[in-house]
Amino acid sequence: MTESPRRREWLAPAGLIALSLVPIAAGAFRLTQLTGGGPVTAENARFFDSPVPVVVHIVASSVFLVLGALQFAPSLRRRRWHRFAGRVVAPAGLLSAMSALWMTLAYQMPAVNGVALMVMRLGFGTVMAGAIVVAFLAIRRGDVGTHSAWMTRAYAIGLGAGTQVFTFLPWTLVFGAPGEAMHAVLMGAGWVINLVVAEFVIRRRARSARRPAASRLHRGAAPASAPAPPAGADLS
């Protein structure tokens, strides 16, 4: 009976890691190209010309996505591991967001990206970095709820590349490669879907946290006319 809840609590981290595998694999392939002297093409020339931002982004994003997924396991959140891992997850997330901003501004992007996608990348990258800073400041003052909510939002944005695989795949299979406008829409959809799911998780977590408090209040506030319950009685 005790194993089923434990197994269920690992479904979310396992699913998040699985969703991360495609961008992590793509990043590993990119690193192999850069370190192995792969062929330089018009599509990847910017990475060979300036490899530092993309290397930082790939490594930091991979660490952020994998360790960040494990932070969603309730049993790990109740252990010291959560705090130690957080000291790696938060800097990795910041490096991921800042390197993404760096590449957006400094790299010569393919024409299909367009101005709309550039604005979205700058916006979501800035929000991701800001969310991590807000989460860090919140946990420093002991506000666990705010910390958890903003780290969840930051993770949702960081995982955008995983969801974008599923926004692009149906369109590409049916209609072929998207043009500039649809490319931006499909990219944006990945981030928006993740943030919607994140807000659902944040609100469900907040409701779950309120229930024990309400239950404790109920047990400790018996009507004046009622006899005092015996010690250890459960009124719930």
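To be clear, the structure that these remarks concern was listed above.
As a starting point, this report considers the structure included with it. (Residues numbered from 1 in each chain as written. Predicted model: local features only at pLDDT ≥ 70, side-chain atom pairs only at ≥ 80, totals over all residues. Heavy atoms only, no water.)

**Remarks on the overall build of the chain**
Reasoning step 1: Check the secondary structure of the chain and you find ten helices and zero strands.
Reasoning step 2: Listing every helix and strand of the chain by position from the N terminus yields α-α-α-α-α-α-α-α-α-α.
Reasoning step 3: When the 236 residues of the chain are sorted by exposure, 32% land in the buried category.
Reasoning step 4: When contacts within the chain are restricted to residue pairs at least 6 apart in sequence, those whose partners lie at least 24 apart make up 68%.
Reasoning step 5: In the structure as shown, the chain presents an accessible area of about 14,200 Å², 69% of it carried by carbon and sulfur atoms. (Helix = DSSP H or I, 4+ residues; strand = E, 2+ residues; numbered from the N terminus. Buried < 20%, exposed > 50% of the residue type's maximum accessible area, 1.4 Å probe, protein only. Contact = heavy atoms within 4.5 Å. Areas by Shrake-Rupley, 256 points an atom, 1.4 Å probe, with all protein chains shown as cover.)

**Quick word on the nonpolar core**
Reasoning step 1: If you look at the biggest cluster of nonpolar residues, it comprises 26 residues, and the most contacted ones within it are Phe-64, Met-128, Ile-132 and Tyr-155.
Reasoning step 2: Among the secondary structure elements, those contributing two or more residues to this core are helix H4 (51-70), helix H6 (80-106), helix H7 (114-140), helix H8 (144-158) and helix H10 (180-220).
Reasoning step 3: Excluding its chain neighbours within four sequence positions, the residues that come into contact with Ile-132 are Phe-64, Ala-90, Gly-93, Leu-94, Met-151 and Ala-154.
Reasoning step 4: Counting residues in hydrophobic clusters, the runner-up holds six residues, among them Leu-34, Val-54, Ile-58 and Met-103. (Core = buried A, V, L, I, M, F, W, Y, C linked by side-chain atoms within 4.5 Å.)

**A few points about the layout of surface pockets**
Reasoning step 1: A volume near 1,400 Å³ is recorded for the largest pocket.
Reasoning step 2: For the largest pocket, the lining is made up of 41 residues, of which His-57, Arg-121, Ala-161, Gln-164 and Met-187 are closest to its centre.
Reasoning step 3: Among the elements of the structure, helix H2 (11-36), helix H3 (45-49), H4, H6, H7, H8, helix H9 (160-175) and H10 are those that each provide at least two residues to the lining of the largest pocket.
Reasoning step 4: When grouped by side-chain class, the residues that make up the lining of the largest pocket number 23 nonpolar, 14 polar and four charged. (1 Å grid on protein atoms, 1.4 Å probe; cavity = no way out; pocket = protein on both sides within 12 Å on 5 of 7 lines; lining within 4 Å. Points joined across faces, edges and corners; volume = space filled by probe spheres on them. Nonpolar A, V, L, I, M, F, W, Y, C, P; charged D, E, K, R; others polar.)

**A few points about the packing of aromatic side chains**
Reasoning step 1: Counted according to the given criterion, the structure contains five aromatic pairs.
Reasoning step 2: Both rings, one in Phe-64 and one in Tyr-155, keep their centres 5.6 Å apart while their planes meet at 45°; by these two values the pair is tilted. Within this pair, whereas Phe-64 is found in helix H4, its partner Tyr-155 is found in helix H8, the two being separated by 91 residues in sequence. Grouping residues by exposure puts Phe-64 and Tyr-155 together as buried. (Phe/Tyr/Trp six-rings, centres within 6.5 Å; stacked < 30°, edge-to-face > 60°.)

Shape descriptors only; they carry no functional weight alone.
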